[in-house]
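A look at the structure
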Amino acid sequence: MGLDDLIISLLTDHTVRIVGAGALLMGITSGVLGVFTLLRRQSLLGDAMSHAALPGLALAFLLTRSKESAPLLLGAALAAWAGALAVIAITSYTRLKSDAALGIVLSVFFGFGLVLLTVIQRLPTAAQAGLDKFLFGQAATLLQRDVATVGVVAVLALGAVGLGWKEFKLLSFDPAFAGVQGFPVRLLDVLLTSLVVLAIVAGIQTVGVVLMSAMLIAPAAAARQWTDRLSTMVILSALFGALAGIGGVILSSVGDSLPTGPAIVVCASILVYGSLLFAPGRGLVWQRLVTSRRQRMVRALRVLAQLYWLGTQHGDPLRPHPAGALRALVGPDVQASLRELAARSWVRRLDDGRVALSPEGLAVGRDFLVETEPVLAPGTPESGERTA
Amino acid sequence: MTQPLSEPTLAIEVSDLTVAYRDRPVLWDVDVEVPAGVLMAVVGPNGAGKTTLLKAILGLVRPAAGTVRVFGQPLKAVRRLVAYVPQHRDVDWDFPTSVLDVVMMGRYGHLGWFRRPGSRERALALAALEQVGMRELAHRQISQLSGGQQQRVFLARALVQDARIYLMDEPFAGVDALTERAIVKVMRSLRAAGKTVVAVHHDLQTVREYFDWVLLLNVRRIACGPTNDVFTEENLRQTYGGRPVILEARRT
Ligand SMILES: Nc1ncnc2c1ncn2[C@@H]1O[C@H](COP(=O)(O)OP(=O)(O)O)[C@@H](O)[C@H]1O
Ligand SMILES: [Mg+2]
């Protein structure tokens, strides 16, 4: 099957469209709520909460004996909430720190969920088949009804974020100041955590409980690299989440035994690493470039300073000097610096290998020496001795 | 001295305040009366409970016992009248937002639920930034600010709260001499406008110059009153647990 066939079939196939819609909703919701989770440094809480959803799913199934998504997701939401409450209770009533509390909640809830799943697998009925898709997600099994449920959840969550935008922003930046102005901080916190629960619920069928937390972290972390505005960050994060969702669905429909969750997370990771490396300003590559350019510039200015000083020693600042003399003064990488200076036409390179300051270079040299007198002014013992 | 018929208004009246985070009380049976219109320093060693006192006045920590009244009323009724300048280290300055945005947050309480800041809030925020000498930096990302600039952003945010009482937690911590002068100027203009300012202050050398009222605190209230009466060697020795005070003056 060629690529264009694949694309056409993806766009027209009913199942793929449903699955794509599910992934899109999941990506957008977790992208948006993930921004707040990330900025409030609650990524690990998101992780614990999504793992904690598993026993809720299993219990809901045991109670209803059906794979209807609404009751299962309700069970998941309640359990995720219980997980968050358990973390709060452990940190406020024991001496355990929050990382310990998160670890305990995650492993206890998730372990219990796995036990329940095992019990369910042994049931004599056939209805339980495929419940383990909630571990790693299997978007291909999404039904239209499921997507409709997820859609309601997503609209609720996003609508609430839009409505309480100013309040959630303040809560995330400076909760104490929110309290000073009379906003009920505890209530806002509960609301925002509930919205994160909704995001988890919206993604759990597509991504699964194990990898759901990656969707709360990755798109937001990638988005943070590209912008310094909260609103832009939220939009970008939603976009990245949607991209990862769709990309993952396509990946897993091509490689047919690949569960959707891991495929989506692979896509999200690519976005994160790409952003960490290449985003302008914050990206590592960018910073490396800027730093090395600055370093080169400083080295070049050192050479310029030496030229200026040599010139003033001889009573003529523009007088040419042999490059060798400079090398003795500033070290072996003088050629690179001279190229840099020549490129800015601060220095003229003569055919006989000598170099001279240009009038512009002279002006720069004067400024630079005035600014950095104590550090780079010639006549420091080192350079002074060798030329004396 | 005879009392006037109506008591002179107290901006803040703290009675029998006791606060404990765990078992050991951080504030013990503290009484403080802050007359309206004073510039008051809160002085005491690290861990004395100064921040906790401000937070208790603001309703951010729940006291084990005691009451706080603001202009004779419970805080809830007059919340808008109290502005807060927290220590600038209290928040994450890598948060994706601009100086102007942070200052406008001081208007959120007045706006109430769901209403977004608009041009009026913008104008107020810009005026406050002007007052603290930060107007040109309005659109800067907050991660690119020095400690002194962060402190001034928080001061501007409190100014737009347009309150009658300003509580400031170590406004001079980690700022250079220039910023310190700018902040003192703002404090004085607040007092000139009839506002009350309460600031946690660590530099004993400047207490007399900056403040006309002092609270000496170390878990208990050691003394509270006009600087000239209260800011004495003896009281300071008590506050700092008998240690030589002049050395304490250098701490930050
Ligand atoms: N949130 C908290 N939980 C537990 N202990 C705290 C908390 N905040 C402050 N403390 C403790 O309370 C005491 C007083 O703190 P604080 O009011 O910050 O003092 P100050 O501002 O005078 O330095 C200190 O011993 C501090 O360790
Ligand atoms: Mg303090």
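Residues numbered from 1 in each chain as written. Chains lettered and ligands numbered in written order. Predicted model: local features only at pLDDT ≥ 70, side-chain atom pairs only at ≥ 80, totals over all residues. Heavy atoms only, no water.

Some points on the overall build of chain B
- Secondary structure assignment for chain B yields 10 helices and 10 strands.
- In terms of overall dimensions, chain B has C-alpha extents of about 50 × 40 × 40 Å along its principal axes.
- Within the span of chain B, comprising 252 residues, buried residues form 54% of the whole.
- Taking contacts inside chain B between residues at least 6 apart in sequence as the whole, the part at least 24 apart equals 68%.
- Here chain B displays about 11600 Å² of accessible surface, and carbon together with sulfur accounts for 49% of that area.
- Taking the average location of the 32 positive side-chain charges in chain B and that of its 26 negative ones, the two points are 5 Å from each other. (Helix = DSSP H or I, 4+ residues; strand = E, 2+ residues; numbered from the N terminus. Buried < 20%, exposed > 50% of the residue type's maximum accessible area, 1.4 Å probe, protein only. Contact = heavy atoms within 4.5 Å. Areas by Shrake-Rupley, 256 points an atom, 1.4 Å probe, with all protein chains shown as cover. Lys, Arg positive; Asp, Glu negative; His and termini not counted. Charge placed at Lys NZ, Arg CZ, Asp CG, Glu CD.)

What to know about the overall build of chain A
- The number of helices and strands found in chain A is 18 helices and 3 strands.
- Relative to the compact-globule value of 21 Å for 388 residues, chain A shows a C-alpha radius of gyration of 31 Å, a clear excess of over 25%.
- Its C-alpha atoms put chain A at 100 × 60 × 35 Å along the principal axes.
- By residue count, 48% of the 388 residues in chain A fall in the buried class.
- Within chain A, contacts between residues separated by at least 24 positions form 68% of all contacts whose residues are at least 6 apart in sequence.
- Total accessible area computed for chain A in this model is approximately 18100 Å², and 66% of it derives from carbon and sulfur atoms.
- Taken together, the 31 basic and 24 acidic charged side chains of chain A have centroids lying 4 Å from each other. (Rg over C-alpha atoms; globule rule 2.2 N^0.38 Å.)

A few points about the site of ligand 1
All names here are of chain B.
- In the neighbourhood of ligand 1, the contacting residues comprise Tyr21, Val26, Pro45, Asn46, Gly47, Ala48, Gly49, Lys50, Thr51 and Thr52.
- The separation between an oxygen atom of ligand 1 and a polar side-chain atom of threonine 52 is 2.5 Å.
- Coverage of ligand 1 by the protein amounts to 59% of the 560 Å² it exposes when considered alone.
- For the shell around ligand 1, the leading source of residues is helix 1 (residues 50-57), giving 3 residues.
- For the shell around ligand 1, a count of residues per class yields 4 nonpolar, 5 polar and 1 charged. (Near = heavy atom within 4 Å. Polar contact = N/O pair within 3.5 Å; in protein donor to acceptor, adjacent residues only side chain to side chain. Nonpolar A, V, L, I, M, F, W, Y, C, P; charged D, E, K, R; others polar.)

Here we look at the packing of aromatic side chains
- For the structure shown, the criterion picks out 9 aromatic pairs over all chains.
- Consider the rings of A:Phe36 and A:Trp165, whose centres lie 6.1 Å apart with planes at 80°: the pair is edge-to-face. Linking A:Phe36 in helix 2 (residues 14-39) with A:Trp165 in helix 8 (residues 165-173), this pair joins segments that are 129 residues apart in sequence. We note that A:Phe36, like A:Trp165, is buried.
- Members of the aromatic cluster, connected to one another through ring pairs, are A:Phe173, B:Trp93, B:Phe95 and B:Phe154.
- Lying over the aromatic face of B:Tyr108, A:Lys166 brings its terminal NZ or CZ to 5.6 Å of the ring centre.
- Here the basic side chain of B:Arg157 rests over the ring of A:Phe177, its NZ or CZ set 3.4 Å away from the ring centre. (Phe/Tyr/Trp six-rings, centres within 6.5 Å; stacked < 30°, edge-to-face > 60°. Lys NZ or Arg CZ within 6 Å of the ring centre and 35° of its normal.)

Details of the sheet that holds strand 1 (residues 321-322) of chain A
Residues and elements named next belong to chain A.
- Here we have 3 strands laid out as an open sheet, ordered 1-3-2, and antiparallel in their pairing. The strands lining the two open edges of the sheet, one partner per strand, are strand 1 and strand 2 (347-349).
- Most of the contacts of helix 14 (residues 284-313) go to strand 3 (residues 354-357), to which it runs at about 85°, and overall it touches strand 1, strand 2 and strand 3.
- Helix 16 (residues 334-343) contacts strand 2 and strand 3 of the sheet and is inclined by roughly 115° relative to strand 2. (Pairing = 2+ DSSP bridges. Axes fitted to C-alpha atoms, helices over the stretch in contact; angles between N-to-C directions.)

Structural notes on the domain arrangement of chain A
- The assigned domain composition of chain A is domain 1 (11-281) and domain 2 (286-387).
- A C-alpha centroid distance of 58 Å is found between domain 1 of chain A and domain 2 of chain A. (Domains from an automatic or database assignment.)

Concerning the interface of chain A and chain B
- Contacts between the two partners involve 29 residues from chain A and, on the opposite side, 33 residues from chain B.
- Carbon and sulfur atoms supply 63% of the area buried between chain A and chain B, which totals about 2700 Å² over both sides.
- Three residues, A:Lys166, A:Phe173 and A:Val180, lead the burial of chain A against chain B; their summed loss comes to 29% of the area buried on that side.
- Across the chain A-chain B interface, the total number found is 5 salt bridges. (Buried area = accessible area lost by both parts, 1.4 Å probe. Salt bridge = Lys/Arg side-chain N within 4 Å of Asp/Glu carboxyl O.)

Observations regarding the sheet that holds strand 10 (residues 220-226) of chain B
Residue and element names in this part refer to chain B.
- The 6 strands are arranged 6-7-8-3-9-10 in an open sheet whose pairing can be described as mixed. Lying at the two open borders of the sheet, with one neighbouring strand each, are strand 6 (82-85) and strand 10. Strand-to-strand, the axes of this sheet are offset by a mean angle of 15°, without reference to chain direction.
- Against the sheet, helix 5 (residues 147-160) makes contact with strand 6 and strand 7 (165-168), and its axis sits at roughly 170° relative to strand 6, the strand it touches most.

Brief notes about the packing of helix 14 of chain A against helix 16 of chain A
Residues and elements named next belong to chain A.
- Running from N to C, helix 14 and helix 16 point in directions that differ by 90°, and their axes come no closer than 9 Å. Relative to helix 16, helix 14 is oriented roughly perpendicular. Two secondary-structure elements touch here, helix 14 through Arg296, Met297, Arg299, Ala300, Val303 and Leu304 and helix 16 through Val334, Ser337, Leu338, Glu340 and Leu341.
- For the contact of helix 14 with helix 16, the class distribution of residues is 7 nonpolar, 1 polar and 3 charged. (Parallel < 35°, antiparallel > 145°, perpendicular 65-115°, else oblique.)

With respect to the side chain of B:Glu170
All names here are of chain B.
- Summarising the element assignment, glutamate 170 is placed in the loop between strand 7 and helix 6 (177-192).
- Looking at glutamate 170, its side chain comes within polar contact range of the side chain of histidine 202, at 3.2 Å.
- The contact partners of glutamate 170, leaving out residues within four places of it in the chain, are Gln87, Gln151, Val200 and His202.

Here's the deal with helix 11 (residues 212-224) of chain A
Residues and elements named next belong to chain A.
- Compared with the 18 Å implied by 1.5 Å per residue over 13 residues, the 19 Å span of helix 11 between its first and last C-alpha is a close match.
- Extensive coverage of helix 11 is indicated by the burial of 10 of its 13 residues.
- Those residues of helix 11 that sit buried are Met212, Ser213, Met215, Leu216, Ala218, Pro219, Ala220, Ala222, Ala223 and Arg224. (Expected span 1.5 Å × (residues − 1).)

What about the pattern of salt bridges?
- Enumeration according to the criterion identifies 16 salt bridges over all chains in this entry.
- A salt bridge links A:Arg282 to B:Asp94, with the shortest nitrogen-to-oxygen separation between them at 2.6 Å. Here B:Asp94 lies in the loop between strand 6 and helix 2 (99-104) and A:Arg282 lies in the loop between helix 13 (260-278) and helix 14, a pairing that spans two chains.
- For A:Arg282, a relative accessible area of 27% translates into the label partly exposed.
- Between B:Arg221 and B:Glu33 there is a salt bridge whose closest N-O contact spans 3.5 Å. Within this pair, whereas B:Arg221 is found in strand 10, its partner B:Glu33 is found in strand 2 (residues 25-35), the two being separated by 188 residues in sequence.

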